[in-house]
Amino acid sequence: MTDITTRYAPGWPGIPPRWTSSAKTGVGTALNQHSKVWFTLSHGILNEVYFPRVDQACTRDMGFIVTDGREFFSEEKRSCSFENVPVEPGIPAYLLTNSCHSGRYRIHKEVLTDPYRSVVLQRIRFEPLQGELSDYHLYALLAPHLANWGKGNTGWIGEYKGYPMFFAERDRVALSLACSAPWKKASVGFVGTSDGWQDLCDHFQMEWEYNRAENGNIAFTVEIDLATTKGEFVVALGLGATWTEAGQQARSSLFEDFAEIRQHYVSQWSSWQNKLLPLDKPCRQYDLYRASTSVLRTHESKDFLGGIIASLSIPWGFNKGDEDLGGYHLVWPRDLVETAGALLAAGAVTDAIRVLRYLEATQEAAGNWAQNLWLDGRPYWSGIQMDETAFPILLLDLLRREAPDSLGKLERWWPMTRKAASFIVRNGPVTMQDRWEEDAGYSPFTLAVEISALLAAADIADLTGHPGEAQTMRDTADAWNDNIDRWTYAGGTDLAQQLGIAGYYVRIAPPATDGAAASPLQGFVPIKNRPPGEDGERAYHIISPDALALVRFGLRAPDDPRILNTLRAIDALLAVELPQGPCWYRYNGDGYGEHKDGSPFDGTGIGRPWPLLAGERGHYALAGGHRDQAEALLTVMENSAIGQSRSLPEQVWDAADLPDHELFRGKPSGSACPLVWAHAEYVKLRRSIRDGKVFDQPPQTVQRYLVEKHKRNFVGWRVNNKTRSIPRGNLLRIILFAPARVHWSLDGWTTAHDTDTRDTGLGIHILELPTASLPAGAQPVFTFFWPEQNRWEGTDYSVKIEG
């Protein structure tokens, strides 16, 4: 190890980089802000390690290869059975046992992070099951993917203060690998050409000893001296901004007693877990509560407090390279609010408040939130999902009701609330994308969230002294609630006749079908992720469990006939019976999932069941007074988790077992795992069952629409949502983004009127035309004079009165 001659690895730049399995059996980090490193586990080995932020992956994986030096070659991630259990429930430190299929060896691991340094530690014990320790060679393999990139990594074998280490760096991020056991040989090469895996596979021992590989897809291999340590040693993976920082961190951790580090790590997590509500009492057979709360907290940033990413995984990562820069390690505002609601349900009030503060700081100037974002607030994708603008208002309202003393003065939150509500009234009810990030239109789910948020915002407006804005919000909510069925309920269709029901709520009604054509019977819905020729369908043929949000958010009663009809349609088209019980698809024709043959999603595929939808169905059951059904669906979620570490996947496999693809009926597919949103839904269902009511149901909608049955008979017209027709008996509300004088007529310009709009304080200026008494077929007409620009609109607009 003292030879300093540079031996460059051949085979630059290596094969195209790929990430690894998304089926994480464990994720973890220290519960403090000192240690800014996160780890993931799958197939018995370390997978992606994140540093210095939870949205920045720095490795692909690290595992071991075992040989006898002559003819035996065994890679633990492919050649072993795996056991993975947390050291205690809800503590994300893991005991791994990997047993060789041929019965020759077993590798024991304990994995955690140093609570005071950015270091992932693995305490290893190699156990020969046949022969002696001296009969085996043990090699560690590490694939750096620094700063979310597999390409462009440079690695070398060197030393820190005389201590041998492997180093890699890219884009001002560096890692080091050190070991408490001596090294016998070490090499770094390019993946697929000169890396240690190729060497060992061909020769059963290391014959290559390259000490530098630059600007490529690289991997490091080292032979551990088993004899010196009797097969027991500690491996430290250190990270830093420079190679010296990474080296110092790793060496410093190795000087410490592992048992003491473990005690501090466990103690910090136990302290947090002990403060949570005991929703796991009595404990269930396959209880997920502590595992779920651990998953929620593990995914939080340590620099951008309250920022929680969707998953420490990359769906179908083994088939994806650097082009998938974000994976699921991004913040989705919808997922974030769902997570904060679960933290609040578990009694973690302070943690939920941090999320609200994060949302406050990352709100866009226009009032919305980005579709998804890096932790520092930079948008990743460019879509606008109206529910993601509404959800933060609902989180504030939930905190106001559940933990009012924790918020401070409510006036602090009015600017955020006002901006979000303004964006909703200026751009809703149509959404550019539904919650599945695919289609524009009138979505029952999005409508439920928008309307609930406007009523919650109205309460906050009243409490902070803004009654005028409150009235506009309630008026808008009432009008949209009155039109939900008109926009999204299909009656008398061929599908309804086939199912023997009067009608059902559709998944989404295209925005072009507004006005006279606003029936969901009109128009096509593009089906994303489907091959050409299979990527479009009539809106009235597409069903989704999304409609149950109308009950979850309190806009419709669980026994409303239209909801019951929709439920029958959902179960007829979207339910599947799995070994753990019933599960549901997002919608019929969904293409986000593996192909029929089990090959990974590659832009097209077949959507698979989502366990979180069982949780949502459980909330519907509870809303209808069926606690037993809710309990049964909680069990479905529990039995959908992977392994003893209890990670909930985004999707589960629904076809016959395909062992070659590691796909087994009812078990996780290649989608994201763990999905934080799924764990959040589980925690909330636990709380809801305990309380005997839906924990996060807004009371405003229930009171206003189910008890008082409010109506507001107007339909809005906006430049960005030009209503073509309105039902007879309704007023026509003109909604503009600047003050104007409306020049209007109800009789085809035989007589005309000029009326100024009214400023609502929410970025819109409104005027209601007296159209309620007009007969069917009448067409009020109008145009505008813009005083601030001293000009006329130059176009006449008309709206038809429906029969």
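In what follows, the accompanying structure is described. (Residues numbered from 1 in each chain as written. Predicted model: local features only at pLDDT ≥ 70, side-chain atom pairs only at ≥ 80, totals over all residues. Heavy atoms only, no water.)

### Observations concerning empty space enclosed by the protein
Overall, the coordinates contain 2 cavities of 30 Å³ or more when judged by the stated rule. Within this model, the largest cavity holds a volume of roughly 340 Å³. If you go around the largest cavity, you meet 27 residues; those closest to its centre are Glu338, Phe391, Arg552, Phe553 and Asp696. Put simply, the parts of the chain that give the lining of the largest cavity at least two residues each are helix H7 (333–345), helix H9 (386–402), helix H14 (549–552) and helix H16 (611–623). With 6 residues, H9 is the single largest residue contributor to the lining of the largest cavity. Looking at the lining of the largest cavity residue by residue, the classes come out as 15 nonpolar, 2 polar and 10 charged. Counted as a void, the second largest cavity has a volume near 230 Å³. Elements with a minimum of two residues in the lining of the second largest cavity: helix H12 (467–488), strand E24 (714–718) and strand E26 (731–736). Of the residues forming the lining of the second largest cavity, the biggest block, 6 residues, is contributed by H12. Looking at the lining of the second largest cavity residue by residue, the class counts come to 12 nonpolar, 6 polar and 4 charged. (1 Å grid on protein atoms, 1.4 Å probe; cavity = no way out; pocket = protein on both sides within 12 Å on 5 of 7 lines; lining within 4 Å. Points joined across faces, edges and corners; volume = space filled by probe spheres on them. Helix = DSSP H or I, 4+ residues; strand = E, 2+ residues; numbered from the N terminus. Nonpolar A, V, L, I, M, F, W, Y, C, P; charged D, E, K, R; others polar.)

### Observations concerning the pairing of strand E2 (residues 38–42)
Most of E2 is tucked away: 5 of the 5 residues are buried. The sheet contact formed by strand E1 (residues 26–29) and E2 spans 4 bridges and is antiparallel. Note on E2: the bridge partner recorded for Gly28 is Phe39. Two strands pair when backbone bridges link them, and E2 and strand E3 (residues 45–50) are joined in this way by 4 bridges, in the antiparallel orientation. Across the sheet, residue Leu41 finds its bridge partner in E3, namely Leu46. (Buried < 20%, exposed > 50% of the residue type's maximum accessible area, 1.4 Å probe, protein only. Pairing = 2+ DSSP bridges.)

### Thoughts on the sheet that holds strand E13 (residues 173–179)
Reading across from one edge, E6-E7-E8-E9-E17-E13-E12-E11-E15 is the order of the 9 strands in this open sheet, with antiparallel pairing throughout. The open sheet terminates on both sides in strands that have one partner only, identified here as strand E6 (80–88) and strand E15 (212–216). When the angles between neighbouring strand axes are averaged without regard to direction, this sheet yields 20 degrees. Of the pairings in the sheet, the one linking strand E9 (residues 119–128) to strand E17 (residues 232–240) comprises 7 bridges and is antiparallel in character. Across the sheet, Val120 pairs through a bridge with Leu237, a residue of E17. (Axes fitted to C-alpha atoms, helices over the stretch in contact; angles between N-to-C directions.)

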